[in-house]
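Spelled out, the chains give:
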Amino acid sequence: MSLDVNQIRQDFPILKQRVNDEPLIYFDNAATAQTPVPVLDALRHFYLHDRANVHRGVHTLAERSTEQYEQARAKVAHFINANDPNEIIFDRSTTEGLNLVARAFGDQVVQAGDEIVLSIMEHHSNLVPWQELARRKGAHLRYIELNANEELDMDCAHRVIGPHTKIVAITGASNVLGVVNPVKEIAQLAHQQGAYVVVDGAQLIGHYPVDVQKMGADFFAFSGHKMLAPTGIGAVYGRSELWQMARPVQFGGEMIDDVQRDHTTFKAAPLGFEAGTPNIGGAIALGAAIDYLEKLGMDQIRQREADLATYLLPQIKAVPHLRLYGPQDHHTGVFAFNLGHLHPHDLATGLDMEGVAVRAGHHCAEPLMTTLHTTATARASLAFYNTKDECDRFIKALKAVGSFFNEFE
Ligand code: PMP
């Protein structure tokens, strides 16, 4: 059965507004998705009834709070098919998760002369932490480039992943090119060489069913705000034995085992990597977002977004003077483009005048922009609560903005 989008949109009151006198079309889901009422209710319920600090008190509220926080961890583990909830560390975001892996784990395993393999389409948050690790250790970065279709070049992957590779850090789906990467194949290549695989799950989560074991991820980081949860909460998965090899990078309350005057022992994962009071309400709301997504069904969500993307692709390609980045014959719900000589910021401002929210800029992927011979693009990105009617109005708005600016060229 397909999703009842009219019904679903009732859960997202933010979508029911006018912007510049036009009905809002929210096409900036790759930057952040919207939060439905049941998730906001879960957050509000926690603050109204159960708020207390976790893992500390013995009183009833503290126990309730701890139980819900740990339940949320179990929900995350189940959602991505981790073996054990203790493999899930709560953090702020994908960015924080990837930085944690690079510091806590990367510093333990990477040595001078080792190679860290990235793809050229990485978001800065899966690039700069590895650059910094390479700098600290005297290791080298190698990149998997794009092929002629502007997808990941697997021949190149075979060439650059080799006996010196220690870590392969790759995004599951691009936030620019509209592609999903063959992570399983990459992971096999990496594991054959004894390397570890770190997956940036920011654009996979909430759009595709995720199975960290099947894809062969040793670590997998994601943000709650890309999957209907509030901002400021995220999680990073790591295989149990790898967290055992890692060393905490933040120190303080709750992460210790025993503190003496001159030395301290630490708890194992997850608590050893969650120093201080965590974002308890955020984690509980993340659990509620998982409940919401699972109720709709991740397969249904993926199908719905695939239908929308298939509907939009030929229309966007047919807009005069439009350059679409990434493959031309298939696309995820992410569409990065430029229109004639228009600056993407002008384009996005023009679209906003028509009620359409898109992003413009380098999308935190400057090396990719250079590879694509540009400095910035506009980007429209879909979610399951978008509609074909919105796609039609977006195309109309795009053409209107294009011809408006052309008149002044
Ligand atoms: N990786 C990718 C592919 C992303 O799209 C994003 C968000 N734009 C991030 C990482 C970073 O996510 P956050 O800002 O939530 O840490």
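Per an unreviewed UniProt entry, the protein chain carries the name cysteine desulfurase and comes from Limosilactobacillus secaliphilus. Here the protein chain is described in UniProt, under the heading Sequence similarities (unreviewed entry), as follows: "Belongs to the class-V pyridoxal-phosphate-dependent aminotransferase family. Csd subfamily." The record in UniProt for the protein chain states the following under Cofactor (unreviewed entry): "pyridoxal 5'-phosphate".

Enquirer: Hey, could you go over the confidence of the model for the protein chain for me, with residue numbers and the actual values?
Expert: For the protein chain, per-residue confidence averages 97 on the pLDDT scale, and residues scoring 70 or more make up 99% of the total. Predicted complex metrics record ipTM = 0.99 and pTM = 0.98.

Enquirer: If you had to explain the domain arrangement of the protein chain to someone new, which residues and values would you point to?
Expert: The domain architecture assigned to the protein chain consists of domain 1 (5-27 + 297-404) and domain 2 (40-295). Summarising the inter-unit geometry, the C-alpha centres of domain 1 and domain 2 are found 28 Å apart. Counting from both sides, the interface comprises 33 residues of domain 1 and, opposite them, 27 residues of domain 2. Counting across the domain 1 and domain 2 interface gives 1 salt bridge. R323 is the salt-bridge partner of E150, the closest N and O atoms lying 2.8 Å from each other. Elements with a contribution of two residues or more to the side of domain 1 that touches domain 2: α11 (298-317), β13 (322-324), β14 (334-339) and α13 (366-371).

Enquirer: Tell me about the site of the ligand, and name the residues and values.
Expert: Neighbouring the ligand are 13 residues; T95, D200, Q203, S223 and K226 lie closest to it. One of the side-chain N or O atoms of Q203 is found 2.6 Å from an oxygen atom in the ligand. K226 places a side-chain nitrogen or oxygen 2.8 Å from a nitrogen atom of the ligand. Protein contact buries 88% of the 400 Å² of open area that the ligand shows by itself. Within the shell around the ligand, the residues separate by chemical class into 1 nonpolar, 10 polar and 2 charged.

Enquirer: Lay out the sheet that holds strand β8 (residues 196-200) in plain terms, naming residues and giving numbers.
Expert: Taken together, 7 strands build an open sheet; the order of strands is β4-β10-β9-β8-β7-β5-β6 and the sheet is mixed. Edge positions in the open sheet fall to β4 (88-91) and β6 (140-144), since each of these has one partner strand only. Mean inter-strand twist for the sheet, computed between neighbouring axes without regard to direction, equals 20°. For strand β5 (residues 115-119) and strand β7 (residues 165-171), the ladder comprises 4 bridges, and the chain directions are parallel. When the sheet's bridge partners are listed, V117 is paired in β7 with V168. Set on the sheet, helix α3 (residues 60-79) makes contact with β4, β9 (219-223) and β10 (234-238); between it and β4 the angle comes to about 115°.

Enquirer: Before we move on, can you summarise the packing of helix α2 (residues 37-50) against helix α10 (residues 280-296) with the specific residues and values?
Expert: Packed helices, taken two at a time, are described by the angle their axes make and the gap between the axes. Contact geometry of α2 with α10 gives a least axis separation of 8 Å together with a crossing angle of 145°. At the point where α2 passes α10, the crossing takes the right-handed sense. Contact with α2, carried on its side by P38, V39, A42, L43, F46 and Y47, involves I280, G281, G282, I284, A285, A288, A289 and Y292 of α10 and no other residues of that element. The residue makeup of the contact of α2 with α10, split by class, is 12 nonpolar, 2 polar and no charged.

Enquirer: Summarise helix α4 (residues 94-109); cite the residues concerned and give the values.
Expert: With 16 residues, α4 extends 21 Å between its outermost C-alpha atoms, agreeing within 8% with the 22 Å of an ideal straight helix rising 1.5 Å per residue. Taken together, the buried positions of α4 are T94, G97, L98, L100, V101, A102, A104, F105, G106, D107 and V109.

Enquirer: I'd love a proper account of the sheet that holds β13, names of residues and values included.
Expert: Spatially, β13-β14-β17-β16 is the arrangement adopted by the 4 strands of the open sheet, whose pairing is antiparallel. With one partner strand each, in any of the chains shown, β13 and β16 (359-361) form the two edges of the open sheet. Across this sheet, the average inter-strand angle for adjacent strands is 30°, counted without regard to direction. Note that β14 and strand β17 (residues 377-381) share 4 bridges and pair antiparallel. Residue pairing across strands places F337 opposite A378, the latter belonging to β17. Packed on one face of the sheet, α11 meets β13 and β14 and runs near 10° to β14. Running over the sheet, helix α12 (residues 344-353) touches β14, β16 and β17 and is turned about 165° from β16.

Enquirer: Can you tell me about unusual backbone geometry, naming the residues and giving the values?
Expert: With glycine set apart, most residues show a phi of negative sign, and most peptide bonds adopt trans. Residue P270 is bonded to the preceding A269 through a cis peptide linkage, with omega at 5°. Along the chain, the position of P270 falls in the loop between β12 (264-266) and α10. With a phi close to 50°, N20 is a non-glycine residue in the positive phi region. Even without being a glycine, C364 presents a positive backbone phi close to 55°. You can see C364 is positioned in the loop between β16 and α13. Overall, C364 belongs to the partly exposed group, its relative accessible area being 22%.

Cut-off values and rules
Residues numbered from 1 in each chain as written. Predicted model: local features only at pLDDT ≥ 70, side-chain atom pairs only at ≥ 80, totals over all residues. Heavy atoms only, no water. UniProt positions renumbered as here; feature names shortened; annotations may be inferred. pLDDT = per-residue confidence, 0-100. Domains from an automatic or database assignment. Contact = heavy atoms within 4.5 Å. Salt bridge = Lys/Arg side-chain N within 4 Å of Asp/Glu carboxyl O. Helix = DSSP H or I, 4+ residues; strand = E, 2+ residues; numbered from the N terminus. Near = heavy atom within 4 Å. Polar contact = N/O pair within 3.5 Å; in protein donor to acceptor, adjacent residues only side chain to side chain. Areas by Shrake-Rupley, 256 points an atom, 1.4 Å probe, with all protein chains shown as cover. Nonpolar A, V, L, I, M, F, W, Y, C, P; charged D, E, K, R; others polar. Pairing = 2+ DSSP bridges. Axes fitted to C-alpha atoms, helices over the stretch in contact; angles between N-to-C directions. Left-handed = near helix turned anticlockwise from the far one by under 90°. Expected span 1.5 Å × (residues − 1). Buried < 20%, exposed > 50% of the residue type's maximum accessible area, 1.4 Å probe, protein only.

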